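# Summary of structural features
Below, each chain spelled out in residue letters.
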Amino acid sequence: MTSEAIRLVLTTLAWTTIRIMKRAGIARALRPAIMAATLACAAPAFAQSAAQAPQAEPIDVQQLFASTCGWCHSDAGRGAGKGPQLMDSPRSDDFLRNRIKVGKPGAMPAFGEAFTDAQIDAIIVYIRALKPD
Ligand code: HEC
């Protein structure tokens, strides 16, 4: 995993933790402690995988999708989860690209800072190639 990808995963994790805490009605004063604990648990695991992975490796879209998108787009994008099913999407490539870059407030994080255009294109190729299990 590249350090870029790790930063992204941790950001997404933090973001999701905030949402869960809000939904669960956890008192504002307690949230920073829970967040710190969550990230403290996650960070060493990612740091270890970063140490093992060569830095300049091109992104492995399947792995990236599983770790970054998969908790909302279930079954590697084949099914709906918190987000819609991506396999057989009727949307245009431009729509998909825009959604990945810009996200949607309150629904999906923006990934335009995390990925290059070429990487986002690779994600779209991955989505278009999805077949039922
Ligand atoms: C926190 C949950 C979450 C994560 C993480 C997430 N998404 Fe989404 N995604 C959503 C939701 C919710 C929508 C629907 C937004 C809307 O209402 O239009 C969506 C919509 C999309 C769409 C548009 C599909 C359509 O038919 O509207 C694409 C493409 C997409 N996501 C790709 C990705 C990719 C690629 C990643 C990882 C880099 C990702 N998503 C990560 C929740 C998420």
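What counts, and where the lines are drawn
Within each chain, residues carry numbers counting from 1 in the order of the written sequence. Totals for whole chains, interfaces and linings use every residue, but because this is a predicted model, local features are given only for residues with pLDDT of at least 70 and side-chain atom pairs only at 80 or more, for both listing and counting. Helical segments are the DSSP runs of H or I of at least four residues, strand segments are the runs of E of at least two, and each set is numbered from the N terminus. Put simply, a residue is buried when 20 or more other C-beta atoms lie within 10 Å of its own C-beta and exposed when 12 or fewer do; between those, it is partly exposed, and each C-beta is set from the backbone. Note on geometry: axes are lines fitted to C-alpha atoms, helical ones only across the stretch in contact, with angles between N-to-C directions running from 0 to 180 degrees. Each angle gets one of four labels, with under 35 degrees taken as roughly parallel, over 145 as roughly antiparallel, 65 to 115 as roughly perpendicular, and the rest as oblique. It is the rotation of the near helix from the far one that decides the hand of a crossing: anticlockwise by less than a right angle makes it left-handed, clockwise makes it right-handed. Whether two residues are in contact is decided by their C-beta atoms, placed from the backbone, lying within 7 Å. In the scheme used here, Gly and all other residues not listed as nonpolar or charged are polar, with Ala, Val, Leu, Ile, Met, Phe, Trp, Tyr, Cys and Pro taken as nonpolar and Asp, Glu, Lys and Arg as charged. Whether a residue is near a molecule or strand depends on its C-beta atom, placed from the backbone, lying within 6 Å of it.

It is worth spelling out the overall build of the chain at this point. Looking only at helices and strands, one finds five helices and zero strands in the chain. Mapped from its N terminus to its C terminus, the chain presents α and β elements in the order α-α-α-α-α. Looking at the chain as a whole, 13% of its 133 residues are labelled buried.

Right, let's get into the packing of helix H4 (residues 93-102) against helix H5 (residues 117-128). When two helices pack together, you describe them by how their axes are tilted relative to each other and by the distance separating the axes. The geometry of H4 relative to H5 is characterised by a closest axis approach of 10 Å and an angle of 125° between their N-to-C directions. By the angle between their directions, the pair H4 and H5 is classed as oblique. Two packed elements cross with a definite hand, and for H4 against H5 that hand is right-handed. Contacts between H4 and H5 involve Asp93, Leu96, Arg97, Ile100 and Lys101 on the former and, on the latter, Ile120, Ile123, Ile124 and Ile127. A class-by-class count of the residues in the contact of H4 with H5 yields six nonpolar, no polar and three charged.

Lining the immediate environment of the ligand, one finds 22 residues, of which Cys69, Cys72, Gly83, Ala107 and Met108 sit closest. Elements with a minimum of two residues in the shell around the ligand: helix H1 (3-23), helix H3 (61-69) and H4. Examining the composition of the shell around the ligand, we find that three residues originate from one element, H4, more than from any other. Grouping the constituent residues of the shell around the ligand by class yields 12 nonpolar, six polar and four charged.

For the rest of this paragraph, the subject is the packing of H3 against H5. Where H3 meets H5, the closest approach of the two axes is 10 Å, and the angle between their N-to-C directions is 90°. Between H3 and H5, the interaxial angle falls into the category roughly perpendicular. Residues Val61, Gln62 and Phe65 of H3 form the contact with H5, whose participating residues are Ala122, Ile123 and Tyr126. Residue composition of the contact of H3 with H5, by class: five nonpolar, one polar and no charged.

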